[in-house]
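# Descriptive analysis of the structure
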Amino acid sequence: AKDSAGTYHFVGYKWWQYYDSRGEQGNWGFVTPRDNPYDGASAIITPGTDAFGYPTGGERVNYGDFVTAAKAANLNVYKTLLNLP
């Protein structure tokens with residue numbers, strides 16, 4: 001969205017990545033190196049399958065749910081921008 005000065009704002013655009021980087025030794029991405037999203041159900045220790053039959057789990061620890069909070073925050077930004085006068 002463009003502000004009143006004509007500027008388009010991008011928060012986190014240069015610092016975000018899809019996958020975690022093993023070399024960084026941190027969870028900076030949206031999914032693990034094993035291709036499990038941080039959704040509270042896939043990035044876990046216990047092996048399983050998702051709704052489409054793809055394997056999940058097999059992680060060193062249960063990482064928890066980041067996807068739900070990130071999705072809600074992004075949707076709230078759009079809702080706020082769409083409701084501007």
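For the structure itself, consult the block above.
Residues numbered from 1 in each chain as written. Predicted model: local features only at pLDDT ≥ 70, side-chain atom pairs only at ≥ 80, totals over all residues. Heavy atoms only, no water.

### Things to note about the overall build of the chain
Summing up its helical and strand segments, the chain has one helix and four strands in all. Going from the N terminus to the C terminus, the chain shows its helices and strands as β-β-β-β-α. Within the span of the chain, comprising 85 residues, buried residues form 15% of the whole. When contacts within the chain are restricted to residue pairs at least 6 apart in sequence, those whose partners lie at least 24 apart make up 22%. Split by element, the accessible area of the chain, about 7000 Å² in all, is 58% carbon and sulfur. (Helix = DSSP H or I, 4+ residues; strand = E, 2+ residues; numbered from the N terminus. Buried < 20%, exposed > 50% of the residue type's maximum accessible area, 1.4 Å probe, protein only. Contact = heavy atoms within 4.5 Å. Areas by Shrake-Rupley, 256 points an atom, 1.4 Å probe, with all protein chains shown as cover.)

### A closer look at the environment of Asn83
Topologically, Asn83 is positioned in the segment after helix H1 (67–82). Using a relative accessible area of 65% as the deciding quantity, one classes Asn83 as exposed.

### A closer look at unusual backbone geometry
We note that Asp35 has phi near 70°; this positive angle belongs to a residue other than glycine. We classify Asp35 as partly exposed; its relative accessible area is 44%.

### So, the packing of aromatic side chains
For the structure shown, the criterion picks out two aromatic pairs. An angle of 90° between the planes, with centres 5.4 Å apart, marks the rings of Tyr38 and Tyr63 as edge-to-face. One end of the pair, Tyr38, is in the loop between strand S2 (29–31) and strand S3 (48–49); the other, Tyr63, is in the loop between strand S4 (55–56) and H1, with 25 residues separating them in the sequence. A residue is classified by how much of its surface remains accessible, and Tyr63, at 25% relative accessible area, is partly exposed. (Phe/Tyr/Trp six-rings, centres within 6.5 Å; stacked < 30°, edge-to-face > 60°.)

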